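Below are the chains, spelled out letter by letter.
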Amino acid sequence: MIYPDELGRIGAFCLAFLLAFTFRGASCELVVSPLGPTLLHALVGDNVTLAVSFTGAPDPVVLWSMGDATVGTWVINSTAPPDIANDRRNVLSMDATGSLSFVHVPLGYTSNYTVEMAKSGLGKSSVTFSLKVFDVIQNVALNEPSGSAREGAARFTLQYSMQRGVVEQQTWFFGATEIQANSHYSVEGSSLVIDRPNRSDTGRYTVLLKNPFSLVTSGVNVTVRYGPDEPVLETRPARPFYLEGDSLSVSCTADGFPPPTAEWVFGTQTTVVAYPGVLHLPRVQTSNGGLYVCTLLNAETGVKSQNNLTLNIYARPAGHSTCSVHSVNDVDLQYHCQWPGGTPPARLSFPALNATRNGVGNLSTILPASHDLDGKTVTCMADHPVELSNCSITAGAPRMFLPVVTTTVDPDGKIVVTIDCLSVASPPALVLWSKGSEDIAGTAPHQISGDTAQLQIRDYIVSNFLLQNYTCTCRNPLGSQRREIQLEGPSISHSGLFTNHNGTIVTLTWEVPPTSIVTGFDVQMKGPNSQSRNLSGTQKRGSSAGFHTIQQKPGRARSADIFFLDPKLTYGFRVIPKARTTAGQPSVVQTAGPGEGLSGSAIAGLAAGIPCGLLLLVLLGGLIYMCVYLRRNKSRQTRYPKPRAVEKAVTAPAELTPHPLLTGGLSSPDSNRLRQVVFLMQHVGVECCFFGRFTVFHLACFLPQTSSERSVALPAFVPAPPVRTATIV
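The structure displayed is predicted, hence computed values, not measured ones.

Colleague: Just to check I follow, could you spell out the overall build of the chain for this structure?
Modeller: Within the chain, the secondary structure is distributed over 4 helices and 56 strands. Out of the 729 residues belonging to the chain, those deemed buried represent 36%. Restricting to contacts in the chain with at least 6 residues of sequence separation, those with at least 24 account for 59%. Surface summary for the chain: the accessible area is close to 40800 Å², and the carbon and sulfur share equals 55%.

Given below as structure tokens:
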């Protein structure tokens, strides 16, 4: 292809040549002109000629320079051969026109060549040629240097190499994009220089090499080593805290190449985990909670990065929160709340007492005792991450109570009387004991329990327990209650008897007074000769002459079963309370069997009724005699005829005699005599009322009448005379 500049030069050369022959005798200036392009590309080994022509002077002197060095001289049309530098005679030569020829031009002849012609008396003329010798580009390789690309380094260089060839132009590409020289990329000779490489420079780099005779590309993949960045720590499953026994895993990841290895440090333990740096924690305990530090290491770059994570592993406190209130110096109240154990410990507070104060696991608050706190319920709030809890406590003064007296016998044979004074109080009441007017210090024979609620008295003799009254005073900061205890000897307050439907078994029950000292009971029976078998299986034979002991019961017993009774016979039972060898009054006799006779209450009624009945009969007889006597004195007065029944009633008292009282009880009176007595009493103003086995007589006798009165009933308009009344049971 011929370029416009070359065409211009050729045209100028032709014009000068024509003018030289046309006006030969008129010009006197030497002119050298190129016969072709002054820029020549030659393939190594080719023959090349730098052709020139001259005008204006015959046989000028020709001088060729290669750069600054002269490589050949000659006088045109001289018989002497051109003078060529010795080291270049095998390549260079000049023809008759002064042109310079290259035979099998080698690569080293690429240069600027200048031809200069001169003639004596004339000026000089010169022309410069540029010769570029190329070779075909072969076996191009683009290699990464021994030091791999690392993010943050000062620079990174890619350099190509080739077996042979001359490069006229090189072009670099990143991916499919041509690289333009800038602050990040620069081309230095056969190298591409990347300033401060980063992870975004990772990719494929390609170089394109070309000359007029060949075009070759070569590429390489470049990976920039970077990281690790700041680690990202995550737990799976993701929770704010974990409980004992849970299983979890913790991952430590960060962007980096090559993938970094993870090193976990917990306390003094170090664990190295490969990418992605997952640490597995099965069935964790509270001891596994704390700070976990993860360090990521890039083995190729040596860069480290670190981050940490706190694992919260909690344990629920044991049980539930508990509240209590205690006495401080018998003056102040100490409210106490606790919920022990747990990780972390529970936070406790009494909002109603002090909203700003709280404690961890255990909280106490002391307040002066006051009436406002008596019966006031105070709540403790317990806050734990796993669970919320609360408890309440109510402080109160001691309440009314009844002392409890129990009696036992110790191994030494002493009677042990235990008095318990338990009053409902919060805080628990302190019990003060006294005997009469003296305080009991807990020395022998007295012993006070650790909580002061119990007093034990030891002695062999029952009467020593009965000398003075005992007093217990229950007291706490909110108030006090006081009770006196008068101990009693062994006694029975009540007894009863139950019989089965066959009458062969009876159950005898009894009760004792609350303060009675009883260590045992003798169960006695009265009846026909029999063999009785007690609950323990032993048999005791008795006689019908009196009571005999058939069973012995401990002081806590309140009943006894008697077996193998004859339902056709009558038995009597009683219980004798005992304090060791001291016996108390027997219980009321309970009878079983047919013909049981009068009950105890009936016998008591008869005992009181017999004397009263005798007195009643005496009074009744006197009244009857008085009435008869007064009526006889009226016989001189005019009388109306009397009914026969009245006459019988008047004469009947003389025939009556009291029915004798039987020692076994009141027997029924003769029916005829009873009718006579009732008839007589109705006519003389005596009213009779019968209540069970008791007869109540109400006597009303009129006072003597005046001389004008008649024996018949008075008219209805006459006012009733005053009466005298007596009631006898």
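Colleague: Help me understand the state of the cysteines in this model?
Modeller: Considering all chains together, one arrives at 4 disulfides under this definition. Each sulfur of the disulfide joining Cys337 and Cys380 lies 2.0 Å from the other. The sign of the S-S torsion, about -80°, decides the handedness of the disulfide formed by Cys337 and Cys380: left-handed. Separated by 43 residues along the polypeptide, Cys337 in strand E30 (residues 332–338) and Cys380 in strand E34 (residues 377–383) bring together distant segments of the chain. The connectivity of the disulfide bonds within the chain can be written as 1-2, 3-6, 4-5, 7-8, using the sequence rank of each bonded cysteine.

Colleague: Explain the pattern of salt bridges here, please?
Modeller: Close approach of charged atoms allows side chains of opposite charge to pair. The full count for this structure, using the stated rule, is 14 salt bridges. The closest approach of N and O atoms between Arg482 and Glu484, which form a salt bridge, is 3.6 Å. By relative accessible area, which is 52% here, Arg482 ends up exposed. What you see here is one network of salt bridges that share partners, running through Glu151, Arg199, Asp229 and Asp255.

Colleague: Sorry if this is basic, but what is going on with the side chain of Ser125 here?
Modeller: Turning to its location among the elements, Ser125 is positioned in strand E11 (residues 125–134). A distance of 2.7 Å separates a polar side-chain atom of Ser125 from the backbone nitrogen of Val32. Those residues within four positions of Ser125 in sequence are excluded, and the remaining contacts are Leu30, Val31, Val32, Val115, Glu116 and Met117.

Colleague: Please explain the environment of Ala254 as it appears in this structure.
Modeller: Locating Ala254 in the fold gives a position in the loop between strand E22 (248–253) and strand E23 (261–266). For the pair Ala254 and Val232, spaced 22 residues apart in sequence, the C-alpha to C-alpha distance is 6.0 Å. In this structure, Ala254 is in contact with Pro228, Asp229, Glu230, Pro231, Pro260 and Leu296, ignoring residues within four places of it in sequence.

Colleague: What should I look at first to understand the pairing of strand E37 (residues 415–420) in this one?
Modeller: Working note: regular strand, side chains alternate between the two faces of the sheet. With respect to burial, E37 is a largely interior element, 6 of its 6 residues being buried. The alternating pattern of E37 places Ile415, Val417 and Ile419 and Val416, Thr418 and Asp420 on opposite faces, both of which are buried. Looking at chain direction, strand E36 (residues 404–409) and E37 are connected through 6 bridges and run antiparallel. Bridged to Val405 within E37 is Ile419. Between E36 and E37, which pair antiparallel and follow one another directly, the connecting turn spans 5 residues, one of which, Gly413, has a positive phi of 90°.

Colleague: Before we go on, may I ask you to explain the sheet that holds strand E10 (residues 111–118) in this structure?
Modeller: Whether parallel or antiparallel, the strands of a sheet pair through hydrogen bonds between backbone atoms. The sheet built from 6 strands is open, its strands ordered E2-E11-E10-E5-E6-E7 with mixed pairing. Of all strands in the sheet, those bounded by a partner on one side alone are strand E2 (39–43) and strand E7 (83–84). As paired strands, strand E6 (residues 69–75) and E7 are joined by 2 bridges and run antiparallel to one another. Across the sheet, Gly72 pairs through a bridge with Ile84, a residue of E7.

Colleague: What am I meant to see in unusual backbone geometry here?
Modeller: Across the chain, the bulk of peptide bonds are trans and the bulk of non-glycine residues have phi less than zero. With an omega of 5°, the peptide bond between Gly227 and Pro228 qualifies as cis. As for its position among the elements, Pro228 is in the loop between strand E19 (214–222) and strand E20 (232–236). Residue Pro445 is bonded to the preceding Ala444 through a cis peptide linkage, with omega at 5°. With respect to the helices and strands, the residue Pro445 is situated in the loop between strand E39 (438–439) and strand E40 (446–448). Positive phi, close to 50°, is recorded for Asn139, a residue that is not glycine. Relative to the elements of secondary structure, Asn139 occurs in strand E12 (residues 138–143).

Colleague: What's the story with the side chain of Thr171 in this structure? I'm lost.
Modeller: You can see Thr171 is positioned in strand E14 (residues 169–174). The class for Thr171 is buried, based on a relative accessible area of 12%. Discounting residues that sit within four places of it in the chain, Thr171 has contacts with Glu178, Thr206, Val207 and Leu208.

Colleague: How do you make sense of the packing of aromatic side chains when you look at a structure like this?
Modeller: Aromatic rings in a pair are described by how distant their centres are and how their planes are angled relative to each other. In total, this model carries 13 aromatic pairs according to the counting rule given. Ring centres of Phe102 and Tyr113 lie 5.0 Å apart, and the angle between their planes is 75°; this geometry places the pair in the edge-to-face category. You can see Phe102 sitting in strand E9 (residues 100–102) and its partner Tyr113 sitting in strand E10, a full 11 residues away along the chain. Of the residues examined, Phe102 reaches a relative accessible area of 1% and is grouped as buried. On the numbers, 6.1 Å between centres and 50° between planes, the contact of Phe563 with Phe564 is tilted. Here the aromatic cluster, defined as three or more aromatic residues joined through ring pairs, consists of Phe102, Tyr109 and Tyr113.

Colleague: Would you mind showing me how to read the pairing of strand E35 (residues 388–394) here?
Modeller: What you see with E35 is a clean split: Ser389, Cys391 and Ile393 sit on the buried side and Leu388, Asn390, Ser392 and Thr394 on the side with no burial. Two strands pair when backbone bridges link them, and E34 and E35 are joined in this way by 7 bridges, in the antiparallel orientation. Residue pairing in the sheet places Cys380 in a bridge with Cys391 of E35. Connecting the antiparallel pair E34 and E35 is a turn made up of 4 residues.

Colleague: When you look at the sheet that holds strand E41 (residues 454–459) in this model, what are you seeing that I'm missing?
Modeller: The antiparallel open sheet is built from 4 strands, whose spatial order is E36-E37-E41-E40. The sheet is open, and its two borders are formed by E36 and E40, each paired with just one other strand. Taking each pair of neighbouring strands and ignoring which way they run, the sheet shows an average axis angle of 20°.

Colleague: Help me understand the nonpolar core, please; the structure alone is not making it clear to me.
Modeller: In a soluble, globular protein the nonpolar side chains are often hidden away together inside. Ranked by size, the top nonpolar core spans 29 residues in total, and within it Trp64, Phe102, Tyr109, Tyr113, Phe129 and Leu131 carry the most contacts. Residue assignment for this core shows that the elements contributing at least two residues are E2, strand E3 (48–50), strand E5 (61–66), E6, strand E8 (92–94), E9, E10 and E11. Here this core takes 4 residues from E11, the largest share from any one element. Setting aside residues no more than four positions away along its own chain, Tyr113 makes contact with Leu50, Trp64, Ser65, Met66, Leu100, Phe102, Val127, Thr128, Phe129 and Leu131.

Colleague: Would you explain the environment of Ser251 in this entry?
Modeller: By the secondary structure assignment, Ser251 is in strand E22. Relative accessible area serves as the criterion here: at 16%, Ser251 is assigned to the buried category. Each C-alpha atom, one on Ser251 and one on Pro231, is 9.4 Å from the other, the two residues being 20 residues apart in sequence. Filtering out sequence-adjacent residues up to four positions away, Ser251 remains in contact with Val232, Leu233, Glu234, Trp264, Gly277 and Val278.

Colleague: It is not clear to me how the environment of Gln590 should be interpreted in this structure. Could you clarify?
Modeller: Tracing the backbone through its elements, the reader meets Gln590 in strand E53 (residues 590–592). By relative accessible area, Gln590 is classed as buried at 18%. Sequence separation of Gln590 and Leu497 is 93 residues, and the distance between their C-alpha atoms is 6.4 Å. Setting aside residues up to four positions removed in sequence, Gln590 forms contacts with Ser495, Gly496, Leu497, Leu508, Tyr571, Gly572 and Phe573.

The rules we used
Residues numbered from 1 in each chain as written. Predicted model: local features only at pLDDT ≥ 70, side-chain atom pairs only at ≥ 80, totals over all residues. Heavy atoms only, no water. Helix = DSSP H or I, 4+ residues; strand = E, 2+ residues; numbered from the N terminus. Buried < 20%, exposed > 50% of the residue type's maximum accessible area, 1.4 Å probe, protein only. Contact = heavy atoms within 4.5 Å. Areas by Shrake-Rupley, 256 points an atom, 1.4 Å probe, with all protein chains shown as cover. Disulfide = S-S within 2.5 Å. Salt bridge = Lys/Arg side-chain N within 4 Å of Asp/Glu carboxyl O. Polar contact = N/O pair within 3.5 Å; in protein donor to acceptor, adjacent residues only side chain to side chain. Pairing = 2+ DSSP bridges. Phe/Tyr/Trp six-rings, centres within 6.5 Å; stacked < 30°, edge-to-face > 60°. Axes fitted to C-alpha atoms, helices over the stretch in contact; angles between N-to-C directions. Core = buried A, V, L, I, M, F, W, Y, C linked by side-chain atoms within 4.5 Å.

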